[in-house]
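Here are the chains, one letter per residue:
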Amino acid sequence: MSSSFQWHEVSLSTLIRPFLQLSYPTARPANPDSFPNANYYDIGLLDGCFIISTMAVFAILREIVRLHIMTPFANKFLFGNMRGYQCKTLKSKKANGHANGQANGGHIHANGHSNGHANGNGHYAARRISARNRVRERNVIRFAEQGWAFVYYTIWWSFGVYIHFSLPTAPWKLDHLWIGYPHNPLPGPLKVYYLTQCAFWIHQLLIVNAEARRKDHIQMNAHHVITICLVFASYFLNLTRVGCLILVLMDFCDIVLPLAKMLRYLERTFACDCAFVTFLVSWFLTRHVAFLLILYSTLFRFPVLRPGAFIPNSGEIVTKELYYAFNAALIALQVLMCIWFTAIVKVAWSVMRGKPAEDTRSDEELPDSSDDEADDKLDEKKRQ
């Protein structure tokens, strides 16, 4: 009986362990060129268990940050209380009900005249206030979404910078991306960074398809799929050093853009425009200058430093076919970023002409300010 219990206990712990800790621990290399005091690990299919559990953790953290940190903050900033416009409306209705009760008791005739006057102007003003507050309520939801993105990218970009500067490739020694390849086993911090990034992007792909469709829904899906494929390919092909550098470059812009959107939703137009200009410059430098230098290295320096990849049956992990497939995915990613950069430049041109920075990825089914203008015209006709 006791042996059966021990067998079940061992089996359960064996099943759970890959979800809670890194798999495939191995001996530390004799002279590692990075992380000399870290534990080292091989790669394998059980790493998928760690990715699944990390996705669950991200789902929980996302809700905590959105609902319990960012939403109360935006409500406090926009409505003066942490529960939002609905709470403010309920308080206003209670106060109005009490005041109307007293007024109706002693001033019936006065109310007839005052109500007629109020219905002419007061109802019109109330509609405008209500419409503006509905927009603010939507902005609170969007602020919370961008707040989670800002928190995640700030933390993981900082983590990625730490990883990159602990590798021989820092700060910009691109040939070391290929010198000493394959870089296996992996130090623990690099493996954690890679698996958590993969978990995040799979989680993001699920969110994009579960929530309200955006105008660039197809492009976002394509971007996430390409990113996930590149992360998986670079992980299992031991191209983690070039992958880490690309992720660090990509993530910096994703800190500044959510910040700009958050400022816009808080109705801080000038600060939003300043953040957007910073985003525009950082996007161009990281995603079109630095990224193209990395693409040049993968296209032209890798064949020079690793010529065995193009020799049949040479035993190289990256074969000629995998080399072309990996670079094709990088080029596809650059094409997508060029499409987005065109849209960004259009927004920048609008800002230079004196218009506020607008989010071109607004929800397709949500009304815009033109609805409020239509309401105003309708009210004006009624008053006439």
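### Some points on the packing of aromatic side chains
Point 1. All told, the structure shown has 27 aromatic pairs when counted by the stated rule.
Point 2. Judged by centre distance (5.1 Å) and plane angle (75 degrees), the ring pair of Trp178 and Phe302 falls under edge-to-face. One end of the pair, Trp178, is in the loop between α4 (108–165) and β3 (186–187); the other, Phe302, is in helix α8 (residues 269–305), with 124 residues separating them in the sequence. Both residues of the pair, Trp178 and Phe302, count as buried.
Point 3. Relative to Trp201, the ring of Phe200 has its centre 5.6 Å away and its plane inclined at 75 degrees; by these criteria the two rings are edge-to-face. Considered together, Phe200 and Trp201 belong to a single accessibility category, that of buried residues.
Point 4. Taken together, the ring pairs connect Phe58, Trp148, Tyr152, Tyr153, Trp156, Phe200 and Trp201 into an aromatic cluster.

### Focus on the pattern of salt bridges
Point 1. Inspection of every chain in the model, using the stated rule, returns eight salt bridges.
Point 2. Here Lys191 ties to Asp47 by a salt bridge, and the two come within 2.9 Å at their closest N and O atoms. One end of the pair, Lys191, is in helix α5 (residues 188–210); the other, Asp47, is in helix α2 (residues 47–79), with 144 residues separating them in the sequence.
Point 3. Residue Lys191 is classed as buried on the basis of its relative accessible area, which comes to 0%.
Point 4. Using a relative accessible area of 2% as the deciding quantity, one classes Asp47 as buried.
Point 5. Where salt bridges share partners, they join Arg62, Glu63, Arg66 and Glu211 into one cluster.

Calculation rules
- Residues numbered from 1 in each chain as written.
- Predicted model: local features only at pLDDT ≥ 70, side-chain atom pairs only at ≥ 80, totals over all residues.
- Heavy atoms only, no water.
- Phe/Tyr/Trp six-rings, centres within 6.5 Å; stacked < 30°, edge-to-face > 60°.
- Helix = DSSP H or I, 4+ residues; strand = E, 2+ residues; numbered from the N terminus.
- Buried < 20%, exposed > 50% of the residue type's maximum accessible area, 1.4 Å probe, protein only.
- Salt bridge = Lys/Arg side-chain N within 4 Å of Asp/Glu carboxyl O.

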